[in-house]
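# Secondary and tertiary structure notes
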Amino acid sequence: MTPPAIRQVNFDDPACTAEFLDLLDHYMRGPSGGGKAMTPALRESLPAALRQRPTVLSFIAYAGSRAVGLINCVEGFSTFAGRPLLNIHDIVVHEDFRRQGIGKALLAHAEHIARARNCCKLTLEVLEGNVEARRAYEGFGFRGYQLDPAMGQAHFMEKKI
């Protein structure tokens, strides 16, 4: 397969916005995304909310003219390194296009962006049961996070508010 073209999402373009929303909804409906469709309210409000956040970067991978993958990244900051970091918040490849290098191309694009922004690292979270994704991330060079082996690996936690 020809490498995908990867373009930044333009939320002022209705067609591009629809592709973004469709891919994110595809992810949300799957087991790794919680298994529930995007609500109409979120579909309506999300593009405007993302336009207001310059630290959120979204890119779509295209196979020909078809949108087949999406990566959403959020720039953060490492106080330990004194430099920005880039967190991969969502990555999805449409199920019809998996195992064709789309995810790897999206990860490589995120790494390119991170290097261009002088980020100290890329971060992401992955569900324990998503073994295939974990293998892919490890193959790309991601590892569990720890500062001191005696303290063990970090765990991602949340508190919904």
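Scroll up to find the structure this text is about.
My aim in this report is to walk through the structure given alongside it, one point at a time. (Residues numbered from 1 in each chain as written. Predicted model: local features only at pLDDT ≥ 70, side-chain atom pairs only at ≥ 80, totals over all residues. Heavy atoms only, no water.)

## Concerning the packing of helix α1 (residues 14-29) against helix α2 (residues 40-51)
Quick reminder of the rule: Note on geometry: axes are lines fitted to C-alpha atoms, helical ones only across the stretch in contact, with angles between N-to-C directions running from 0 to 180 degrees. Strands are runs of DSSP state E lasting at least two residues, helices are runs of H or I lasting at least four, and both sets are numbered from the N terminus onward. These descriptions rest on fixed angle ranges, namely under 35 degrees for roughly parallel, over 145 for roughly antiparallel, 65 to 115 for roughly perpendicular, and the rest for oblique. Here is the rule for handedness: rotate from the far helix to the near one, and if that takes an anticlockwise turn smaller than a right angle the crossing is left-handed, while a clockwise turn gives right-handed. Should any heavy atoms of two residues lie within 4.5 Å, those residues are counted as being in contact. Think of it as three bins: nonpolar holds Ala, Val, Leu, Ile, Met, Phe, Trp, Tyr, Cys and Pro, charged holds Asp, Glu, Lys and Arg, and polar takes everything else, Gly as well.
Interhelical geometry of α1 versus α2 gives an angle of 120° and a closest axis separation of 11 Å. Taken together, α1 and α2 sit at an angle that is classed as oblique. Seen along the crossing, α1 lies across α2 with a hand that is right-handed. Taking contact as the criterion, the partners of Thr17, Ala18, Phe20, Leu21, Asp22, Leu24 and Met28 in α1 are, on α2, Leu42, Arg43, Leu46, Pro47 and Leu50. For the contact of α1 with α2, the class distribution of residues is nine nonpolar, one polar and two charged.

## Some remarks on α2
What counts, and what does not: When accessible area is computed with a 1.4 Å probe and restricted to protein chains, residues below 20% of their type maximum are described as buried, those above 50% as exposed, and intermediate ones as partly exposed. Each C-beta atom gives one direction from the helix axis, and the arc is the one those directions make.
Residues Leu46, Pro47 and Leu50 constitute the buried set of α2. Across the axial projection of α2, the buried residues extend over an arc of 90°, all falling on one side. Projecting away from the buried face of α2 at angles above 90 degrees are the exposed residues Pro40, Ala41 and Glu44.

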